[in-house]
Amino acid sequence: MRVLRVILSLTLCFWLVSCDKSENNQPMGSMQTGASMQHLSMLLEHAISMMAQGAELKLSGEKHGDAMLAQSADLLRRAMSGPEMAAMHKGGQGESPMMQHTHDLGAAAFDLLDMMMSLQANQAPKNANLLYHALNMAAQGASMKSLAGMGMSKDIDASMQEHGLQMQQTAMLLSKGTAANTAYQQAVLKVIHLLVSDESKAMQHMH
Ligand SMILES: [Cu+2]
């Protein structure tokens, strides 16, 4: 993250200097791309959090659960195949570890969402409530970390980062205590694991 911050500030310096001379015609400069990536991650993480809550409501027979799952699908599509993602791939960022991780997470989330959409209220998977709680915690923790990673507020960022990490550790602890016998349980656990092994880990492979 520190490296990212240095890169971002260098990019900002360069941008401020070059702005005097010419207009910046590139809609997706590298500073903007970094911010877009964090924003897309947050959208993705929010969609996953909604999925967890939607599936839980659906299993308890609430119609609103279906609406939440449908909205999650819209958000997932918006994040994963919107114009920002297309621009980043066009700009040559499709191969970055962070991008690959984001696509792994997106694909796992789509798989799980498919299964959630075909759930019936009377066939709750075992440990469903605990799994949804862990999934929600992992997603919200990741989201707090994504926001902290944008570096907009120094002191709060540190607290957000720390609490986000705590939530994810608890999510892992909870998910370790649940069985992974069915395809459904495995799909939930896969998303939790991908959320917890987030892009900051993927970034470490770069240096
Ligand atoms: Cu991508």
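Refer to the structure presented above.
Because the structure is predicted, anything quoted here is derived from the model rather than measured.

Caption draft 1: Geometry of the overall build of the protein. Each helix and strand in the protein was counted, giving 9 helices and 0 strands. Helices (α) and strands (β) of the protein occur, in sequence order from the N terminus, as α-α-α-α-α-α-α-α-α. Excluding contacts between residues fewer than 6 apart, the proportion of contacts in the protein whose partners are at least 24 apart in sequence is 76%.

Caption draft 2: Quick look at the nonpolar core. Counting 44 residues, the largest nonpolar core has Leu 135 and Val 191 as the members making the most contacts within it. Mapped onto this core, the elements with two or more residues apiece are helix H2 (30–59), helix H3 (64–81), helix H4 (83–90), helix H5 (97–117), helix H6 (128–149), helix H7 (154–176) and helix H8 (183–196). With 10 residues, H2 is the single largest residue contributor to this core. Setting aside its immediate chain neighbours within four residues, Leu 135 contacts Ile 48, Ala 52, Val 188, Val 191 and Ile 192.

Caption draft 3: Representation of the packing of H7 against H8 in the model. Where H7 contacts H8, the axes come no closer than 10 Å and their chain directions differ by 150 degrees. The orientation of H7 with respect to H8, classified from their angle, is roughly antiparallel. Once H7 is placed against H8, the crossing between them reads as left-handed. Every residue of H8 that contacts H7 at Gln 168, Ala 171, Met 172 and Ser 175 is listed here: Leu 189, Ile 192 and Val 196. In terms of residue class, the contact of H7 with H8 is built from 5 nonpolar, 2 polar and no charged.

Rules and cut-offs
Residues numbered from 1 in each chain as written. Predicted model: local features only at pLDDT ≥ 70, side-chain atom pairs only at ≥ 80, totals over all residues. Helix = DSSP H or I, 4+ residues; strand = E, 2+ residues; numbered from the N terminus. Contact = placed C-beta atoms within 7 Å. Core = buried A, V, L, I, M, F, W, Y, C linked by C-beta atoms within 7 Å. Buried ≥ 20, exposed ≤ 12 C-beta atoms within 10 Å, placed from the backbone. Axes fitted to C-alpha atoms, helices over the stretch in contact; angles between N-to-C directions. Parallel < 35°, antiparallel > 145°, perpendicular 65-115°, else oblique. Left-handed = near helix turned anticlockwise from the far one by under 90°. Nonpolar A, V, L, I, M, F, W, Y, C, P; charged D, E, K, R; others polar.

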